[in-house]
Amino acid sequence: MSEKLNLKDDWNLIGYVKISKNRYNVLKTLETRYLMPSEIARKTGLKATQVSKTLNTLKKQNLVECKNEESYKGRIYSSTPLGKEIIEFIDRNR
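Rules used in this analysis
- Residues numbered from 1 in each chain as written.
- Predicted model: local features only at pLDDT ≥ 70, side-chain atom pairs only at ≥ 80, totals over all residues.
- Heavy atoms only, no water.
- Core = buried A, V, L, I, M, F, W, Y, C linked by side-chain atoms within 4.5 Å.
- Buried < 20%, exposed > 50% of the residue type's maximum accessible area, 1.4 Å probe, protein only.
- Helix = DSSP H or I, 4+ residues; strand = E, 2+ residues; numbered from the N terminus.
- Contact = heavy atoms within 4.5 Å.
- Phe/Tyr/Trp six-rings, centres within 6.5 Å; stacked < 30°, edge-to-face > 60°.
- Lys NZ or Arg CZ within 6 Å of the ring centre and 35° of its normal.
- Axes fitted to C-alpha atoms, helices over the stretch in contact; angles between N-to-C directions.
- Parallel < 35°, antiparallel > 145°, perpendicular 65-115°, else oblique.
- Left-handed = near helix turned anticlockwise from the far one by under 90°.
- Nonpolar A, V, L, I, M, F, W, Y, C, P; charged D, E, K, R; others polar.

J.: For this particular structure, what's the right way to read the nonpolar core?
T.: One recurring pattern in soluble globular proteins is that nonpolar side chains are buried together. Formed by 24 residues in total, the largest nonpolar core has its most connected members in Val17, Leu30, Leu55, Leu63 and Ile86. Of all the secondary-structure elements, those providing two or more residues to this core are helix H1 (7-18), helix H2 (21-29), helix H3 (37-44), helix H4 (48-60), strand E1 (64-66) and helix H5 (81-92). Tallying contributions element by element places H5 first for this core, with five residues. Excluding anything up to four places from it in sequence, valine 17 contacts Arg23, Tyr24, Leu27, Leu63, Ile86, Ile87 and Ile90.

Put into C-alpha cells, the structure is as follows:
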C-alpha cells in the first residue's frame with residue numbers, strides 16, 4: 001500500500017480506523033478539508049469531546065495533523081498523506 005511503511009503496519013492502521021466509526025468519520029471529514037474541531041463535530045454529528053479524543057488518537061497514529069499547534073483556540077486539523085491513503089483504501093474496498 002504505502003512505500004513509507006511496511007505492509008504489516010498499513011494493515012494495522014486500516015484495522016485501527018475501520019474498527020471505530022468515530023475514527024473513520026473524523027478522518028473521512030478531514031480527507032479534503034482543513035477544519036476546526038467544532039466544524040468536525042457539526043459535520044459528523046459527534047460531540048466536541050468525542051472529536052477531541054478522536055483527533056488525539058488519530059494524531060498519535062500520524063493520520064491527522066494540527067496545522068497551528070501553538071494556538072490555544074482555533075486549531076486547524078487536516079489529514080496527513082497517510083491518513084488520506086488509508087481512507088481511500090477503506091472506501092475502495094467496501
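Alright, that's what it looks like, and here's the rest.
J.: Could you clarify how one ought to interpret the side chain of threonine 80 in this entry?
T.: If you trace the backbone, threonine 80 turns up in the loop between strand E2 (77-79) and H5. Note on threonine 80: relative accessible area 9%, which makes it buried. Each residue touching threonine 80, except ones within four places of it in the same chain, is listed here: Asn62, Leu63, Val64 and Glu65.

J.: In this structure, what is going on with the packing of aromatic side chains? I would like to understand it.
T.: Aromatic ring pairs are defined here through the distance separating the ring centres and the angle between the ring planes. Counted according to the given criterion, the structure contains one aromatic pair. Pairing tryptophan 11 with phenylalanine 89 gives two aromatic rings, centres 5.3 Å apart and planes at 80°, and the pair type is edge-to-face. Note that tryptophan 11 is positioned in helix H1 and phenylalanine 89 in helix H5, a separation of 78 residues in sequence. By relative accessible area, tryptophan 11 is classed as partly exposed at 45%. The ring centre of tyrosine 16 lies 3.8 Å from the NZ or CZ of arginine 23, which sits over that ring. The residue whose ring lies beneath arginine 94 is tyrosine 24, and the NZ or CZ to ring-centre distance is 4.5 Å.

J.: Explain the packing of H2 against H3 here, please?
T.: For any two helices packed against each other, the geometry comes down to the angle between their axes and how far apart the axes lie. It is at 10 Å that the axes of H2 and H3 come closest, and there the two elements cross at 115°. Looking at the two axes, H2 sits roughly perpendicular to H3. The hand of the H2/H3 crossing is right-handed. Contacts between H2 and H3 involve Asn25, Val26 and Thr29 on the former and, on the latter, Ile40, Lys43 and Thr44. A breakdown of the residues in the contact of H2 with H3 according to their chemical character gives two nonpolar, three polar and one charged.

J.: In this structure, what is going on with the environment of threonine 57? I would like to understand it.
T.: Here threonine 57 shows up in helix H4. Given a relative accessible area of 23%, threonine 57 falls into the partly exposed group. Sequence-wise, threonine 57 and arginine 23 are 34 residues apart; in three dimensions their C-alpha atoms are separated by 8.4 Å.

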